[in-house]
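# Coordinates in review
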Amino acid sequence: MKKLLMVLALASVSVAGMAQDEVPTEKYSVSTNSFWSNWFIQGNVTWNAYYYGGVNKILSSPFYKFPMGTEVGKDDGHATALGFSVALGKWFTPGLGLRTKANFAWLSKAFDSKSQTYLALNEQALFNLTNMLCGYDENRVWNFIPYAGLGVARNFDAKANSFIASAGLLNTFKLGKKLLFNVDLGYYSYDKVIVGGEGGGIAPKHVFNQFALELGITYNLGKATWNKTPDVEALKALSQSQIDALNAQLADEQAENARLKNMLANQKATAGETKTVTVKEVVAAPVSVFFNIGKSKIASRKDVQNVKDLVEVAKANNSKIVVTGYADSKTGSAEFNQKLSQKRAETVADELVKLGMSRDNIEVVAAGGVNTLTPISYNRRATVEIKK
């Protein structure tokens, strides 16, 4: 037992050292993908060490008579065997996933008995600690993923079954956009011995254990990455001073417009002169309406309220409003961004109609993908302004 604790301690120190060496990345939120996204399949070659009773022989000589060795004592015994495993899983978030895993192994004369063939099925919860602690980064090479689960096993030759509790450490190393290399260290505890002689075991009073070292490949099915989600509230907070300045400018323009109206009401001017002065003097600062990445649905209803006063000014002076849609040029193709900017402008135009603006007095412009504002998320917007 002391040797086992020493091995686990050394493994923990090694993992901690690797985590400290990794360059920290900026943390950010991600959007939830569809059900069919972030699935993966795995295939591994496995080396298995089985034992019951004392663990000292496994730790002192795990490759005893590799690959299919056997040693049996009065109170303990162990055997080793090669096999393979396959798994199907899905990541629900960058840090949490599930996989269904099947392990196959063959033992020749296991525990002085005849050849054995067995299958184990496990349902395991995966915890990507690298993403949880360091933040998601789709370009990260190494991910450290502890797991735990429950399952069942069947020995087809001994006709014996057992429940299993499993735990382990999965390490993945990025080889390409969809391809990963696996190093999986697993521990499995059976409620009874199922690798052995007739009836399913030679020492049923002992808990049966298994260590597994697995090397293989993970292939990501479909979409394997996660999209960044802009924090709309943070965005509003960062740009609040800019919005306040625009609103103040709009208020000044409204006050000036009211002053001009009063002056004209007291003057004996012609209708043509009145129309000319009003159209020239009514100028309002543009107001921005923001959108989430790749979306044409308004991110915050507060933005709609910000354009309400501008609509009132336009209606009072029979002015036209120009709505210009934008997308950020760093996301999506030029063709996609052109269509997205058009949809965003149309969405805002529909909101202006709901506020009482005539659709005939609204001009819609699609500017496509741009990179005029920093950060890039500020370009995911539509602007509303009175046409000069």
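Residues numbered from 1 in each chain as written. Predicted model: local features only at pLDDT ≥ 70, side-chain atom pairs only at ≥ 80, totals over all residues. Heavy atoms only, no water.

### What to know about the overall build of the protein
If you tally the helices and strands in the protein, you get 9 helices and 13 strands. Per-residue burial over the protein gives 42% buried out of 388 residues. Long-range contacts, defined here as pairs at least 24 residues apart, represent 68% of the contacts in the protein between residues at least 6 apart. For the protein, the accessible surface area stands at approximately 20300 Å², while carbon and sulfur atoms represent 60% of it. (Helix = DSSP H or I, 4+ residues; strand = E, 2+ residues; numbered from the N terminus. Buried < 20%, exposed > 50% of the residue type's maximum accessible area, 1.4 Å probe, protein only. Contact = heavy atoms within 4.5 Å. Areas by Shrake-Rupley, 256 points an atom, 1.4 Å probe, with all protein chains shown as cover.)

### Comments concerning helix 9 (residues 334–354)
Across its 21 residues, helix 9 extends 31 Å between first and last C-alpha, which sits within 8% of the 30 Å expected from 1.5 Å per residue. Among all positions in helix 9, only N337, L340, S341, R344, A345, T347, V348, A349, E351 and L352 are buried. Considering only its buried residues, helix 9 is in contact with strand 10 (287–290), helix 7 (302–306), helix 8 (308–316), strand 11 (321–328), strand 12 (362–370) and strand 13 (381–386). A positive phi of about 105 degrees marks G356, the residue just after helix 9. (Expected span 1.5 Å × (residues − 1).)

### Describing helix 8
Those residues of helix 8 not exposed but buried are L310, V311, V313 and A314. One side of helix 8 holds all its buried residues, which, seen down the axis, span an arc of 160 degrees. (Arc of directions from axis to C-beta.)

### Some points on the environment of I386
Assignment of secondary structure puts I386 in strand 13. Looking at I386, the relative accessible area reads 3%, which means it is buried. Measuring from C-alpha to C-alpha, the distance between I386 and P286 comes to 7.5 Å, with 100 residues separating the pair along the chain.

### Structural notes on the sheet that holds strand 11
On the basis of which strands lie adjacent, the open sheet formed by 4 strands has the order 10-13-11-12 and mixed pairing. The two strands at the open ends of the sheet, each matched to only one other strand, are strand 10 and strand 12. Recorded for the sheet is a direction-independent mean angle of 20 degrees between the axes of neighbouring strands. Set on the sheet, helix 9 makes contact with strand 10, strand 11, strand 12 and strand 13; between it and strand 12 the angle comes to about 150 degrees. (Pairing = 2+ DSSP bridges. Axes fitted to C-alpha atoms, helices over the stretch in contact; angles between N-to-C directions.)

### Considering the environment of F127
The residue F127 is located in strand 5 (residues 116–127) in this model. Of the residues examined, F127 reaches a relative accessible area of 32% and is grouped as partly exposed. In this structure, the C-alpha to C-alpha distance between F127 and L96, residues 31 residues apart in sequence, is 5.1 Å.

### Considerations on the packing of aromatic side chains
Across all of its chains, the model carries 8 aromatic pairs by this definition. On the numbers, 6.0 Å between centres and 35 degrees between planes, the contact of W142 with F144 is tilted. Through a chain of ring-to-ring contacts, the aromatic side chains of F35, W36 and W39 assemble into a single cluster. One residue, R381, lies across the ring of Y326, its end atom 5.2 Å from the ring centre. (Phe/Tyr/Trp six-rings, centres within 6.5 Å; stacked < 30°, edge-to-face > 60°. Lys NZ or Arg CZ within 6 Å of the ring centre and 35° of its normal.)

### Focus: the side chain of T172
On the secondary structure map, T172 appears in strand 7 (residues 160–174). Note on T172: relative accessible area 5%, which makes it buried.

### A few points about the environment of R344
Residue placement: R344 occurs in helix 9. What makes R344 buried here is its relative accessible area of 0%. The spatial distance from the C-alpha of R344 to the C-alpha of K295 is 8.1 Å, given a sequence separation of 49 residues. With residues near it in sequence (within four places) discarded, R344 still touches F291, N292, I293, G294, K295, S296, Y326, A327, R380, R381 and A382. Reaching out from R344, the side chain makes a polar contact with the backbone oxygen of N292 at a distance of 3.1 Å. (Polar contact = N/O pair within 3.5 Å; in protein donor to acceptor, adjacent residues only side chain to side chain.)

### A few points about a nonpolar patch on the surface
A cluster of nonpolar residues, I41, L88, L175, L179, F181, L185, L213, L215, I217, Y219 and L221, forms a patch on the protein surface that exposes about 880 Å² of accessible area. Only strand 8 (179–190) and strand 9 (208–221) provide two or more residues apiece to the nonpolar patch. Looking at the nonpolar patch, the element that brings in the most residues is strand 9, giving 5 residues. Structurally, L213 is set in strand 9. (Patch = residues over 30% accessible without salt bridge, like charges linked within 9 Å, V, L, I, M, F, W, Y side chains within 5 Å. Salt bridge = Lys/Arg side-chain N within 4 Å of Asp/Glu carboxyl O.)

### Looking at the pattern of salt bridges
Under the defined criterion, the tally for this structure stands at 10 salt bridges. Among the ionic pairs, E214 bridges to K101, the shortest N-O distance being 2.6 Å. Residue E214 is found in strand 9, and its partner K101 is found in strand 4 (residues 96–107); the two are separated by 113 residues along the sequence. Neither residue differs from the other here; E214 and K101 are each classed as buried. Residues K315 and E312 are paired through a salt bridge, measuring 3.8 Å at the closest nitrogen-oxygen approach. Placement of both K315 and E312 in helix 8 is noted, with a separation of 3 residues, approximately one turn of the helix. Given a relative accessible area of 38%, K315 falls into the partly exposed group. Note on E312: relative accessible area 39%, which makes it partly exposed.

### Notes on the confidence of the model for the protein
Confidence along the protein averages 77 in pLDDT terms, with 65% of residues attaining 70 or more. Mean pLDDT values for the elements of the protein range from 42 in helix 1 (residues 2–21) up to 95 in strand 6 (residues 142–155). A low-confidence stretch, residues 273–283 (pLDDT under 50), is modelled with 13 contacts involving residues beyond four sequence positions or located in other chains. (pLDDT = per-residue confidence, 0-100.)

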